Amino acid sequence: MIIFSSKPFSGSLSVILMKKSLLSLLFVLCLGITSFAQDVRLKITEQPRPELPQKHGTLDIQGTVVLRVQFLEFGEIGEVTAIKDLPAGLTQNAIAAARRIKFEPETKDGKAVTVYREVQYTYSWNGGWLEKNSDTTAVAGDPAVAQAIIAKAVQLLGGDRYLQVKTQIGRGKFSVIAQGMVASFQSFTDVIVFPDKERTEFKGNGSRTIQVNTGDTGWIFDGDQELIKVQNASQIANFKKGIRTSLDTLLRGSWKGNAELSYAGKRAATLGKRNDVVRLKYTDGFSVDFEFSVEGIPQKAVYIRYNDEAEEIKEEDRYAQFIDVNGIKAPFIIDRFTNGRASSRINFETLEFNKTISDTIFAKPATPKDAKKEIKL
């Protein structure tokens, strides 16, 4: 049987219980204070776009201004310094925009602190200043997303140095691949004057072939038969298709006026990764997709062609081994996959940019003997 006593607690016991209650209350309050003193990262609440330059619409410029911005503990912008510049007043406009940023200061242990952060502003020749973080968040079809991806890739490949390339001389090996094995290979020298002049010489097993294109015309020297042949319409069309599907054509903008640019969404790449896809659709309906990694590195070009039997063939040019040559990065390996199978490899051993190239090397020689003469580069 439980007996309830009607006597009150003694005074000493009441004091002990009261002290325990106070200690419990203080413990709870301390926990609350600790929770409110957690670190909070800087939050940008408003980031205005820079003003357009005076010559917007005539400037053939694209790229990204990168700034180091000081976010002061009392909610104002401090120092702003440029890490990467753009010409034509674009950097100055970006700095002015950065000074108008609104933000909530970063806190540590519940106290506001001053921090430095990198802020980027991307400018495109036809899109102006692009929206912040628009490279991955916009829907398919949005050209601004594609422009931002291109601008990022251009910066990775050398920025203005890459954009200002006018000529290219490449030397290396060209391999034909069949059933997963090298069926044949030749050394080559490839000379390009952008956008549409190219001379390629192949040498191997005592044989020499020269293929030259200049716009709508072209010729071939067949060293085995010692004949100079004018290229037919199909051969010239293939050369032009090569220009259309070139990574340089996309990034340097020589497609402007002949194609529309759009963002085609994401596509599965390596395990657990997806590439951003930029699409060029030309006025005649031909289109090519260019894929970029999440870091902005060009991965491949994909397009459909048709053979003589009107059969659909999928071609992929996959880029690898990007190497820096005097501030310009280029893929030294380009693998061609036809309907999912490796069909050829271009392996550059050397690349030179912006050397003076004489137009005489593109002129059709009068005789096979003239064609055999070594050119001076």
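Reference entry: report on the structure contained in this document. (Residues numbered from 1 in each chain as written. Predicted model: local features only at pLDDT ≥ 70, side-chain atom pairs only at ≥ 80, totals over all residues. Heavy atoms only, no water.)

Observations regarding the overall build of the chain
Then step 1. Helix and strand content of the chain: 8 helices and 21 strands.
Then step 2. Counting over 377 residues, the chain shows a buried share of 38%.
Then step 3. Carbon together with sulfur atoms contributes 54% to the accessible area of the chain, which is approximately 22300 Å² in total. (Helix = DSSP H or I, 4+ residues; strand = E, 2+ residues; numbered from the N terminus. Buried < 20%, exposed > 50% of the residue type's maximum accessible area, 1.4 Å probe, protein only. Areas by Shrake-Rupley, 256 points an atom, 1.4 Å probe, with all protein chains shown as cover.)

A few points about the sheet that holds strand β3 (residues 77–84)
Then step 1. Here 4 strands make up an open sheet; going across it, the order is β3-β2-β7-β8 and the pairing antiparallel. The two strands at the open ends of the sheet, each matched to only one other strand, are β3 and β8 (128–129).
Then step 2. Pairing between strand β7 (residues 115–124) and β8: 2 bridges, direction antiparallel. Along β8, the bridge assignment pairs Ser124 with Gly128.
Then step 3. Lying over the sheet, helix α4 (residues 143–157) contacts β2 (63–71), β3 and β7, oriented at roughly 85° with respect to β2. (Pairing = 2+ DSSP bridges. Contact = heavy atoms within 4.5 Å. Axes fitted to C-alpha atoms, helices over the stretch in contact; angles between N-to-C directions.)

Quick look at the pattern of salt bridges
Then step 1. Taken as a whole and judged by the stated rule, the model has 25 salt bridges.
Then step 2. With its nearest N and O atoms 2.4 Å apart, the salt bridge here joins Glu226 to Lys372. One end of the pair, Glu226, is in the loop between β13 (217–222) and β14 (227–230); the other, Lys372, is in the segment after α8 (368–371), and 146 residues separate them in sequence.
Then step 3. Residue classification places Lys372 among the partly exposed residues on the basis of a relative accessible area of 38%.
Then step 4. In this structure, the salt-bridge partner of Arg345 is Asp335, at a minimum N-O distance of 2.6 Å. Taken together, the positions of Arg345 in strand β21 (residues 341–353) and Asp335 in strand β20 (residues 328–338) put the pair 10 residues apart, joining distant regions of the chain.
Then step 5. Of the residues examined, Arg345 reaches a relative accessible area of 32% and is grouped as partly exposed.
Then step 6. One salt-bridge network, in which partners are shared between bridges, spans Arg267, Arg279, Asp289 and Glu291. (Salt bridge = Lys/Arg side-chain N within 4 Å of Asp/Glu carboxyl O.)

Overview of the packing of aromatic side chains
Then step 1. In the structure shown here, the tally under the stated rule is 8 aromatic pairs.
Then step 2. Measuring from centroid to centroid gives 5.0 Å for Phe71 and Phe103, while their planes differ by 85°, and the two rings are edge-to-face. Of this pair, Phe71 sits in strand β2 while Phe103 sits in strand β4 (residues 102–104); the two residues are 32 residues apart in sequence, bridging distant segments of the chain.
Then step 3. For Phe71, a relative accessible area of 0% corresponds to the buried category.
Then step 4. You can call Phe103 buried: its relative accessible area is 9%.
Then step 5. Measuring from centroid to centroid gives 6.4 Å for Tyr121 and Trp129, while their planes differ by 85°, and the two rings are edge-to-face. Each member of the pair, Tyr121 as well as Trp129, carries the same accessibility label: buried.
Then step 6. An aromatic cluster of three or more residues is present, and its members are Tyr121, Tyr123 and Trp129.
Then step 7. The cationic tip of Arg68 hangs over the ring face of Tyr116; the distance from NZ or CZ to the ring centre is 3.9 Å.
Then step 8. A cation over an aromatic ring shows up here: Arg244 above the ring of Tyr282, its NZ or CZ 4.4 Å from the ring centre. (Phe/Tyr/Trp six-rings, centres within 6.5 Å; stacked < 30°, edge-to-face > 60°. Lys NZ or Arg CZ within 6 Å of the ring centre and 35° of its normal.)

Focus on the nonpolar core
Then step 1. Ranked by internal contacts, the top residues of the largest apolar core, which has 37 residues, are Leu250, Leu251, Leu261, Val278, Leu280, Phe290 and Phe292.
Then step 2. If one sorts the elements of this core by residue count, α4 sits on top with 7 residues.
Then step 3. In this structure, Leu251 is in contact with Gln62, Ile150, Ala153, Val154, Leu157, Tyr162, Leu163 and Phe292, ignoring residues within four places of it in sequence.
Then step 4. Judged by nonpolar contacts, the second largest core, of 21 residues, contains Leu42, Ile101, Val115 and Tyr121. (Core = buried A, V, L, I, M, F, W, Y, C linked by side-chain atoms within 4.5 Å.)

Quick notes on the pairing of strand β10 (residues 181–193)
As a general feature of sheets, a regular strand has side chains that alternate between the two faces.
Then step 1. Examined bridge by bridge, strand β9 (residues 167–178) and β10 share 12 bridges and lie antiparallel to one another. Each bridged residue has a counterpart across the sheet, and for Ile177 the counterpart in β10 is Val182.
Then step 2. Two successive antiparallel strands, β9 and β10, enclose a turn made up of 2 residues, where Gln179 displays a positive phi of approximately 55°.
Then step 3. Note that β10 and strand β11 (residues 197–204) share 7 bridges and pair antiparallel. Paired with Ser187 across the two strands is Lys203, which belongs to β11.

Brief notes about the side chain of Thr249
Then step 1. Topologically, Thr249 is positioned in helix α7 (residues 247–252).
Then step 2. Beyond its immediate sequence surroundings of up to four residues, Thr249 is in contact with Ile243, Arg244, Ser254, Trp255 and Tyr282.

Here's the deal with helix α2 (residues 90–98)
Then step 1. For α2, the complete set of buried residues consists of Leu90, Thr91, Ala94, Ile95, Ala97 and Ala98. On an axial view of α2, the arc spanned by its buried residues comes to 160°, and they lie on one face.
Then step 2. Buried residues in α2 make contact with β2, β3, β7 and β8. (Arc of directions from axis to C-beta.)

Things to note about the environment of Arg199
Then step 1. Structurally, Arg199 can be placed in strand β11.
Then step 2. On the basis of relative accessible area, Arg199 is assigned to the buried category, the value being 5%.
Then step 3. For the pair Arg199 and Phe362, spaced 163 residues apart in sequence, the C-alpha to C-alpha distance is 6.6 Å.
Then step 4. If sequence neighbours within four positions are ignored, Arg199 has contacts with Thr189, Asp190, Val191, Ile210, Gln211, Val212, Trp219, Ile361, Phe362 and Ile375.
Then step 5. Polar side-chain contacts of Arg199 include one of 2.6 Å to the backbone oxygen of Ile361. (Polar contact = N/O pair within 3.5 Å; in protein donor to acceptor, adjacent residues only side chain to side chain.)

So, to be careful, I would describe these as geometric facts and stop short of saying anything about function.
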